[in-house]
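Now for the letters of each chain:
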Protein chains: 2
Amino acid sequence: MTNLTTPRAAFDLSLYLVLDPDMCGGGVADMVRVTEAALNGGVTVVQLRALKWRKRAFWDAACALQPLCRSHRVPLIINDHVDVALAVDADGVHVGQQDLPAKEVRRLLGESKIIGVSVSNAQQWREIETGVVDYIGVGPVQLTATKPEAGPALGVDGLRSLLATMRSPTSTLKTVAIGSVNVNNARAVMETGVDGIAVVSAICASKAPEEAARALCEVIGS
Amino acid sequence: MTNLTTPRAAFDLSLYLVLDPDMCGGGVADMVRVTEAALNGGVTVVQLRALKWRKRAFWDAACALQPLCRSHRVPLIINDHVDVALAVDADGVHVGQQDLPAKEVRRLLGESKIIGVSVSNAQQWREIETGVVDYIGVGPVQLTATKPEAGPALGVDGLRSLLATMRSPTSTLKTVAIGSVNVNNARAVMETGVDGIAVVSAICASKAPEEAARALCEVIGS
């Protein structure tokens, strides 16, 4: 896919893994193991998110994940910590509403990196600066324990209706749905029109993350 | 004072204020108020530290403090978050043992900024890379509730003995003592040979932070 409107390389949001260290088993090695399996199973983006971790451990994990993702030609996105993204030359940064503003992130990262922002409602979507932000994580689809600050659940119908209201046919802004998306609701979520699904527990908490990723790929048809 | 050995501008560690948002009153405006008073009272360095804050609030505080510190020609040092330091063009970064390694911080910040590292014992001191790190925060002098991870207290005697063992007469590495330093023990702490004292509650929790800073200046003779 060629993207003519931004200097960023094309990227595929269809199966977006958000790592949760506790669900993976607690340590860096556990996250690496889950990520490697998930990459083999077909995930198209990996985000390192460790809300409770201090930055040394976070950086250790990023250092381990960066060559792994690169060898699979899958973007590594760093949650929140632009400094870590710069330190390991990650492919992008994802920020929530309580993190650095996207405009600051763009200024720090430069034009070649991917920036994503979490969006829970129409108001937050309206505030997204096109040209600065490449994709939005829309959710939570269902209530989730992994990000308690994420706000009330949209539900699949709410997601569809938000997309219908807000998505502009001329915009290059991509969308990925997040929040308790799993193999059971993945098809319905994809049918709302998002560009992909982001999963946490569906892969991180699975005893067979490669198979879990593969099953999700099949359901979403990627 | 001229510093011939590094490209960093000279800085004066003698009265180093570490902000604690809760002790200041909880919000950005409270920290600004305390900082302004402390600057008027004579503090020579201001560090923004807010271990529990998300980065948007932290960045808001840094944006407010940066012009204030600059107008007083006092360096603003950012705890932990190199991205925020870059975003607001702060004068430096302070990292603890659980934050990014100093070498990574130097690479991200460039040669003109100040870098400090927390050190609790001889082993951590030995690991300091001279040329990369400009100063170390040595402590805790006494046990402190503001940084529970800081390790066992050195005591004034332990601080003196650590300095005697570790400090090289040819090194340009500066030292600032931290951990329950206040107007009662400031003189004794300074007499161990440190270049300055870092205080948290002695100013942040004071009802009269300007007077508290001035009293500390008098005791340490700066």
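Quantities reported herein were computed from a predicted structural model and do not represent experimental measurements.

### Let's talk about the sheet that holds strand 8 (residues 196–199) of chain B
All names here are of chain B.
- Spatially, 1-2-3-4-5-6-7-8 is the arrangement adopted by the eight strands of the closed barrel, whose pairing is parallel. Going from strand to strand, the sheet's axes swing by 25 degrees on average, the running direction of each strand aside.
- In this sheet, strand 4 (residues 92–95) lies alongside strand 3 (residues 76–79) in parallel orientation, the contact comprising three bridges. Counterpart to asparagine 79 in the pairing with strand 4 is histidine 94.
- The strands touched by helix 2 (residues 28–41) within the sheet are strand 1 (15–19) and strand 2 (45–48), with strand 1 carrying the most contacts at an inclination of about 175 degrees.
- Contacts from helix 3 (residues 55–71) reach strand 1, strand 2 and strand 3, with the element oriented near 165 degrees to strand 3.

### Remarks on the relation of the copies chain A and chain B
- If you rotate chain A by 180 degrees and push it 0.0 Å along the axis, it lands on chain B with an RMSD of 0.0 Å. With respect to symmetry, the two chain copies, as superposed, fit the operation of a two-fold axis. Minimal C-alpha separation from the rotation axis in chain A is found for Asp83(A), amounting to 2.4 Å.

### Considering the environment of Arg33(A)
Residues and elements named next belong to chain A.
- Inspection of the secondary structure puts arginine 33 in helix 2 (residues 28–41).
- Here arginine 33 falls in the partly exposed class, since its relative accessible area comes to 45%.
- A sequence separation of 171 residues divides arginine 33 from cysteine 204, and the C-alpha atoms of the two residues are 10.0 Å apart.

### Focus on the nonpolar core
- Residues Ile197(A), Ile203(A), Leu19(B), Leu48(B), Ile197(B) and Ile203(B) are the most contacted members of the largest nonpolar core, which totals 136 residues.
- Every residue in contact with Ile203(B), bar those within four places of it in the chain, is listed here: Leu17(B), Val34(B), Ala38(B), Val43(B), Pro209(B), Ala212(B), Ala213(B) and Leu216(B).

### Quick look at the interface of chain A and chain B
- On the side of chain B, 21 residues touch chain A, which itself brings 21 residues to the contact.
- Here chain A and chain B share an interface that buries about 2,100 Å² over both sides, 51% of which is from carbon and sulfur atoms.
- In terms of surface lost to chain B, no three residues of chain A exceed Arg54(A), Lys55(A) and Arg56(A), which account for 31% of the buried area on that side.
- One can count four salt bridges joining chain A with chain B.
- In this structure, the salt-bridge partner of Lys55(A) is Asp80(B), at a minimum N-O distance of 3.5 Å.
- The tally of links between chain A and chain B comes to 18 residue pairs in polar contact (both at pLDDT 80 or more).
- It is helix 4 (residues 82–88) of chain A that provides the largest number of residues to the side of chain A that touches chain B, a total of five residues.
- In terms of residue class, the side of chain A that touches chain B is made up of eight nonpolar, four polar and nine charged.

Parameters at a glance
- Residues numbered from 1 in each chain as written.
- Chains lettered and ligands numbered in written order.
- Predicted model: local features only at pLDDT ≥ 70, side-chain atom pairs only at ≥ 80, totals over all residues.
- Heavy atoms only, no water.
- Pairing = 2+ DSSP bridges.
- Helix = DSSP H or I, 4+ residues; strand = E, 2+ residues; numbered from the N terminus.
- Axes fitted to C-alpha atoms, helices over the stretch in contact; angles between N-to-C directions.
- Contact = heavy atoms within 4.5 Å.
- Least-squares fit on C-alpha atoms with pLDDT ≥ 70 in both.
- Buried < 20%, exposed > 50% of the residue type's maximum accessible area, 1.4 Å probe, protein only.
- Core = buried A, V, L, I, M, F, W, Y, C linked by side-chain atoms within 4.5 Å.
- Buried area = accessible area lost by both parts, 1.4 Å probe.
- Salt bridge = Lys/Arg side-chain N within 4 Å of Asp/Glu carboxyl O.
- Polar contact = N/O pair within 3.5 Å; in protein donor to acceptor, adjacent residues only side chain to side chain.
- Nonpolar A, V, L, I, M, F, W, Y, C, P; charged D, E, K, R; others polar.

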